[in-house]
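Summary of the model geometry
In case you want the letters, here they are:
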Amino acid sequence: MKIYNTLTKKKEEFIPLEPNQVKMYVCGPTVYDYIHIGNARPMVIFDTVRRYFEYKGYQVNYVSNFTDIDDKLIQKAKQEQTEVSLIAQHFILTCKQDMESLNIRPATVHPLATNEMDSIIEMITMLIQKGYAYPKEGTVYFRTKKFSHYGSLSHKNLEDLQSGNRTLLVSGVAQKEDPLDFVLWKPKKEGEPFWSSTWSEGRPGWHIECSAMCKKYLGDQIDIHAGGEDLIFPHHENEIAQSEALSETQFARYWMHNAFLNINHKKMAKSEKNFFTVREIAEKYSGNILRFFLLNAHYRSPLNFSEDLMLSAKNALERLITGIEKLSTLEAQNLSPDLQEKERNDQKQLHSLIQKYEQAMEDDFNTADAIAAIFECIKLSNSTANQNSSLAYVKECKTCIVQLCSVLGIDTERANEILDEEIEELIAQRTQARKEKNFTLADDIRKQLEKMDIILEDTRNGVVWKRL
Ligand SMILES: [Zn+2]
């Protein structure tokens, strides 16, 4: 299996630290708002990476944090006149719901920064003891230049960084020994949440949180560290410096980064109204369609999101599901049980398509080519499976296609495809049925919706529904 490693800028053969085990850390979102489609891309991609490893028999220890304390959360809490912890709780919950709608499996552990203060403070203390960090008036800084290979992930050298930072030096961060030094701990401002430490009542910097959580849950050395490409510098560069300064061993063997997502060929920006949350998209397209869309491009290619592209993703997924349904219909018929001699060739072709799929996935998780291979399977089954086929062949086609989809987290059951407008339509039919005192029909519609995880509630103001 080959993975493109940002550290070496090469595709490298994946060799796990321990046989059949993968230790993987993926930087999670800062929970001050609903997740947007740009947050969803790495979540879907690295969930797919995890699923593929599991398909190949690896045991994956997958850790992904929630950053539940930072300036944005504090600002939001002020705006809403509430506590930071309540903002965090709310958006962790909604993030988990959105992840579920995208069929992203929960991580092995989802640590929260605010629950890990002991480990974070301990790590900063050890960095100070080793001379890699220093406190100044309540703030603790990392001594960047002391870490000899700083810049190795982002392929920047210290001189370049320094000239870029000159403005910082004059703009008055005077307490730093060096403009490249970054914050590990900062004192609270009036009214901000804080934790006690020997340096000050304050809170950790963002970078040290990930280093500390990664160390606690996965150890000093991990196989894969992943995130969006915007995290390469400074976040991941700083994580490497902090973790390796302490452990004196390589922190992560493989660094995976996904490329940007644009909306209508423009950079996503809230201010430009060029911005969508996963929830907004879910009003029109199911999470399954969005996931399918996100996987239709290689993760290292920039991806453009537009209405047209979502529509074509929807149609393609429809073709895929129809192909599987055709096999299910055949399965229910009275076919001869055993594989026939004339089917051997088709079966061979099916096997070679599975291989093609695996080759694509093992070439740095090329999900675009993997999906193309699934469509070739559909094309094959559409043209070869019919009433004269054996049950063995039909079953094998179906199992294979469903499995290849499920490794990508693509749901092949139509039930989850239901859209808001279709739900509204069914509810209208049910209301009509009740008016006509046709309670059996009304009840059937309710049950039908329940099967699709849609719950109805009759209120004084009419029917309210929600997805489970
Ligand atoms: Zn991180």
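Fair warning: this is a prediction, and the values are worked out from it, not measured in the lab. (Residues numbered from 1 in each chain as written. Predicted model: local features only at pLDDT ≥ 70, side-chain atom pairs only at ≥ 80, totals over all residues. Heavy atoms only, no water.)

Points about the overall build of the protein
- Each helix and strand counted, the protein has 16 helices and 15 strands in total.
- Oriented by its inertia axes, the alpha-carbon framework of the protein measures out at about 80 × 60 × 40 Å.
- Surface summary for the protein: the accessible area is close to 22,600 Å², and the carbon and sulfur share equals 49%. (Helix = DSSP H or I, 4+ residues; strand = E, 2+ residues; numbered from the N terminus. Areas by Shrake-Rupley, 256 points an atom, 1.4 Å probe, with all protein chains shown as cover.)

Thoughts on the packing of helix 15 (residues 420-435) against helix 16 (residues 439-451)
- Look at helix 15 against helix 16: their axes get within 7 Å of each other, and the N-to-C directions meet at 160°. When the interaxial angle is binned, helix 15 and helix 16 end up roughly antiparallel. At the point where helix 15 passes helix 16, the crossing takes the left-handed sense. Each of Ile423, Leu426, Ile427, Gln429, Arg430, Ala433 and Arg434 in helix 15 lies in contact with helix 16, whose residues at this interface are Phe439, Leu441, Ala442, Ile445, Arg446, Gln448 and Leu449.
- Per-class residue counts for the contact of helix 15 with helix 16 are 9 nonpolar, 2 polar and 3 charged. (Axes fitted to C-alpha atoms, helices over the stretch in contact; angles between N-to-C directions. Parallel < 35°, antiparallel > 145°, perpendicular 65-115°, else oblique. Left-handed = near helix turned anticlockwise from the far one by under 90°. Contact = heavy atoms within 4.5 Å. Nonpolar A, V, L, I, M, F, W, Y, C, P; charged D, E, K, R; others polar.)

Structural notes on the environment of serine 306
- Position of serine 306 relative to the elements: it lies in the loop between strand 13 (303-305) and helix 11 (307-331).
- Its relative accessible area of 12% is what places serine 306 among the buried residues.
- Along the primary structure serine 306 and asparagine 258 are separated by 48 residues, whereas in three dimensions their C-alpha atoms are 19 Å apart. (Buried < 20%, exposed > 50% of the residue type's maximum accessible area, 1.4 Å probe, protein only.)

Remarks on the coordination of the zinc ion
- Around the zinc ion, the donor atoms from the protein are Cys27 (SG), Cys210 (SG), His235 (NE2) and Glu239 (OE), and they sit 2.0 to 2.7 Å away.
- The coordination sphere of the zinc ion comprises 4 donor atoms, whose angles at the metal cover 74 to 129°; the geometry is irregular.
- The sequence pattern formed by the donor residues of the zinc ion is C-x182-C-x24-H-x3-E. Taken as a pair, cysteine 210 in helix 7 (residues 206-218) and histidine 235 in helix 8 (residues 232-247) lie far apart in primary sequence, 25 residues in all.
- Owing to a relative accessible area of 1%, cysteine 210 belongs among the buried residues under this scheme.
- Residue histidine 235 is classed as buried on the basis of its relative accessible area of 1%. (Donors = N, O, S within 2.8 Å, 3.2 Å for Na, K, Ca; no water. Tetrahedral: all angles 85-135°; square planar, octahedral: opposite > 155°, others 65-115°.)

Some details on the sheet that holds strand 3 (residues 21-26)
- The parallel open sheet is built from 4 strands, whose spatial order is 4-3-9-10. Of all the strands in the sheet, just strand 4 (59-64) and strand 10 (252-258) have a single pairing partner and so form its edges. Going from strand to strand, the sheet's axes swing by 20° on average, the running direction of each strand aside.
- By the bridge criterion, 6 bridges tie strand 9 (residues 222-228) to strand 10 in an arrangement that is parallel. Across the sheet, residue isoleucine 222 finds its bridge partner in strand 10, namely alanine 252. (Pairing = 2+ DSSP bridges.)

Section: helix 13 (residues 367-384)
- Between its terminal C-alpha atoms helix 13 stretches 25 Å, which fits the 26 Å expected from 18 residues at 1.5 Å a residue.
- Those residues of helix 13 that sit buried are Thr367, Ala370, Ile371, Ala373, Ile374, Phe375, Cys377, Ile378, Leu380, Ser381 and Thr384.
- Structurally, helix 13 contributes buried residues whose contacts are with helix 1 (37-55), helix 10 (287-295), helix 11, helix 12 (344-362) and helix 14 (391-407). (Expected span 1.5 Å × (residues − 1).)

Some words on the pairing of strand 4
- One ladder, built from 6 bridges, connects strand 3 with strand 4; its direction is parallel. Residue pairing for strand 4: methionine 24 is matched across the bridge by tyrosine 62.

Quick look at the environment of asparagine 258
- Along the polypeptide, asparagine 258 turns up in strand 10.
- Taking relative accessible area as the criterion, asparagine 258 reaches 4% and is therefore assigned buried.
- Sequence separation of asparagine 258 and valine 44 is 214 residues, and the distance between their C-alpha atoms is 11 Å.
- In contact with asparagine 258, not counting residues within four places along its chain, are Arg41, Pro42, Ile45, Phe46, Gly227, Gly228, Glu229 and Tyr299.

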